[in-house]
Amino acid sequence: MRVSVIISALVAVLVGFGGSVAIILAAADALGASAGQKATWITVLCVSMMATTAILSIRHRLPIVTAWSTPGAAVLAGVTATSMEVAAGAFLIAALMLIATGLIPALERAVARIPGEVASAMLAGVLFSFVAQAALVIPGAEALVLPLLALFFIVRAFSPIWAVLAVLAAGVPLAIGLGMAQPIWQGGLPPMVLIRPEFSTGALLGVALPLYLVTMASQNLPGFAVLRAAGYPVPGRSILTVTGIASLASAAWGAHSTNLAAITASICTGPDAHPDPGKRWLCGPVYALGYGAIALVAMPLVLLFASFPPSLIAVVAGVALLGPFIGSLSGALASGAHAAPAAVTFVVTALGLSLMGIGAAFWGLVAGLALVAIEGMRARLRR
């Protein structure tokens, strides 16, 4: 065990948690979650990542680390008129779909056949509202927001990974100094709140399906690519089954999907973690312990974030998702192969259209796939 292994694993934990916890809280607020439900959500996710990372990394002797689905949380934050009970039912269905993908190779191939441009456009549409909100909160909070945005872009020019954490680290004392927040730590472990899931067709199509698709397209498949790029075999069936089972167990506690890490995984798979590729798997157990430690202090963290002004949460979430938004929008339009379907998917999703109780992400995907089918029909007729 080298010091570099410990540092790399803990940096991955810090970046993964600190860079996206605000998005989880935004999703929880959109679903009307109580303080106890928020604390339970974050605690269970941390326990899930601790368990799945430990199991997968030790079993396969590979630097496999897991994360929560940040794009999935963004999907949830855009859902309207949905309760935590209905969301929990959608989480259960999405988890079953993940397990089925691990057990049925044909299902994984079917997901992979969805045009990447359309999937990326759907994700870009979901993320757009977060990125835009970081600018929309400026009026009335100029003294807080403008310095943080300036700090983000300055730090990002040198280190994109640390830019979001710099905003979070500077934003907390700045908000307190401006009299906009009064963080209170009450101590103790978070109250664990079980949720009785409710099921509906609207939640199936508007929450479960988009959550499953963005988790696969934006987390698991890129995570597989990170492992392959580092020269490691990818035990895809094992990863999907283990994370799917963990997601199924955590759904009853109101926590959404656990999946393979993508961005933070690169921190643990490179030579900076360990010069010997065969020893980098040791990052997994350290990473698991890091999330186990965070799980113990979830309530104070939730209380801290809950005391922040909404403008600070909006800025942190917006800058955290700027990189994924740029990547998704580029992936949607760069190739030009399905430019029109991708553009329509993005617009429908970004507008937040909700029909028949089904969210915009589903309708954006439907619109994009319909245009892809029309394009394919036209190509066949020309032959």
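Residues numbered from 1 in each chain as written. Predicted model: local features only at pLDDT ≥ 70, side-chain atom pairs only at ≥ 80, totals over all residues. Heavy atoms only, no water.

A. Structural view of the overall build of the protein. Along the protein, the regular secondary structure elements total 18 helices and two strands. Against the 2.2 N^0.38 benchmark of 21 Å for 383 residues, the protein shows a C-alpha radius of gyration of 20 Å, consistent with a compact globule. For the protein, the spread of C-alpha atoms along the three principal axes comes to 65 × 55 × 45 Å. Within the protein, the proportion of its 383 residues that are buried is 54%. Within the protein, contacts between residues separated by at least 24 positions form 82% of all contacts whose residues are at least 6 apart in sequence. With the model as given, the accessible surface of the protein reaches about 15700 Å², and the carbon-plus-sulfur share is 70%. (Helix = DSSP H or I, 4+ residues; strand = E, 2+ residues; numbered from the N terminus. Rg over C-alpha atoms; globule rule 2.2 N^0.38 Å. Buried < 20%, exposed > 50% of the residue type's maximum accessible area, 1.4 Å probe, protein only. Contact = heavy atoms within 4.5 Å. Areas by Shrake-Rupley, 256 points an atom, 1.4 Å probe, with all protein chains shown as cover.)

B. The arrangement of the packing of helix α3 (residues 35-60) against helix α11 (residues 236-251) in detail. Interhelical geometry of α3 versus α11 gives an angle of 155° and a closest axis separation of 10 Å. Classified by the interaxial angle, the pair formed by α3 and α11 is roughly antiparallel. α11 is crossed by α3, and the crossing has right-handed handedness. Contacts between α3 and α11 involve V44, S48, T52, L56, R59 and H60 from the first element and S238, I239, V242, T243, A246 and S250 from the second. Considering only residue class, the contact of α3 with α11 consists of five nonpolar, six polar and one charged. (Axes fitted to C-alpha atoms, helices over the stretch in contact; angles between N-to-C directions. Parallel < 35°, antiparallel > 145°, perpendicular 65-115°, else oblique. Left-handed = near helix turned anticlockwise from the far one by under 90°. Nonpolar A, V, L, I, M, F, W, Y, C, P; charged D, E, K, R; others polar.)

C. Representation of unusual backbone geometry within the structure. For R61, which is not a glycine, the phi torsion comes out positive at approximately 50°. Mapped onto the elements of the fold, R61 is located in the loop between α3 and β1 (66-68).

D. Here's a closer look at helix α4 (residues 70-77). When you tally the buried positions in α4, you get seven out of eight residues, the bulk of the element. All of the buried residues in α4 are T70, P71, G72, A73, A74, V75 and L76. Residues of α4 that are buried in the fold lie against α2 (21-30), α3, β1, α5 (84-103), α7 (116-136) and α10 (201-229). Where α4 begins, the capping side chain belongs to S69, and its oxygen is found 3.0 Å from the backbone nitrogen of G72. (Polar contact = N/O pair within 3.5 Å; in protein donor to acceptor, adjacent residues only side chain to side chain.)

E. How the structure looks around helix α1 (residues 3-18). Compared with the 22 Å implied by 1.5 Å per residue over 16 residues, the 22 Å span of α1 between its first and last C-alpha is a close match. Within α1, burial applies to S4, V5, S8, A9, A12, V13, V15, G16, F17 and G18. (Expected span 1.5 Å × (residues − 1).)

F. The confidence of the model for the protein, seen in detail. Considering every residue of the protein, the mean pLDDT works out to 82; 93% of them sit at 70 or more. Ranking the elements of the protein by mean pLDDT puts helix α14 (residues 298-306) last, at 73, and α11 first, at 92. (pLDDT = per-residue confidence, 0-100.)

G. Expanded view of the packing of aromatic side chains. By the definition in use, this model includes six aromatic pairs. Residue placement shows R61 over the ring face of W281; its charged tip is 4.3 Å from the ring centre. (Phe/Tyr/Trp six-rings, centres within 6.5 Å; stacked < 30°, edge-to-face > 60°. Lys NZ or Arg CZ within 6 Å of the ring centre and 35° of its normal.)

H. View of the packing of α5 against α10. The contact between α5 and α10 brings their axes to 8 Å, and the two run at 45°. In terms of orientation, α5 lies oblique with respect to α10. For α5 against α10, the interelement crossing comes out right-handed. Within the contact between the two elements, α5 uses V86, A90, F91, I93, A94, M97, L98 and T101 and α10 uses A203, L204, V207, A208, L209, L211, Y212, T215, M216 and N220. Of the residues contributing to the contact of α5 with α10, the split by class is 15 nonpolar, three polar and no charged.

I. Main features of the nonpolar core. Grouped together as the largest cluster of nonpolar side chains are 119 residues, with contacts concentrated most on F17, W41, I42, Y287, Y291 and V315. Sorting elements by how many residues they give to this core places α10 first, with ten residues. Once residues within four sequence positions are removed from consideration, Y287 is found in contact with A9, A12, V13, T53, V65, T66, A67 and T264. (Core = buried A, V, L, I, M, F, W, Y, C linked by side-chain atoms within 4.5 Å.)

J. Local environment of the side chain of T66. Inspection of the secondary structure puts T66 in strand β1. Among the polar contacts listed, one links the side chain of T66 to the side chain of T53, at a separation of 2.9 Å. Not counting residues up to four positions away in its chain, the partners in contact with T66 are M49, T52, T53, L56, T243, T258, N259, L260, A261 and Y287.

K. Molecular detail of the environment of I99. Within the element layout of this structure, I99 appears in helix α5. Accessibility expressed as a relative area gives 13% for I99, which makes it buried. Separated by 138 residues in the primary sequence, I99 and R237 place their C-alpha atoms 8.8 Å from one another. Sequence-distant contacts of I99, that is, excluding residues within four places in its chain, are made with L240, T241, G244, I245 and L248.

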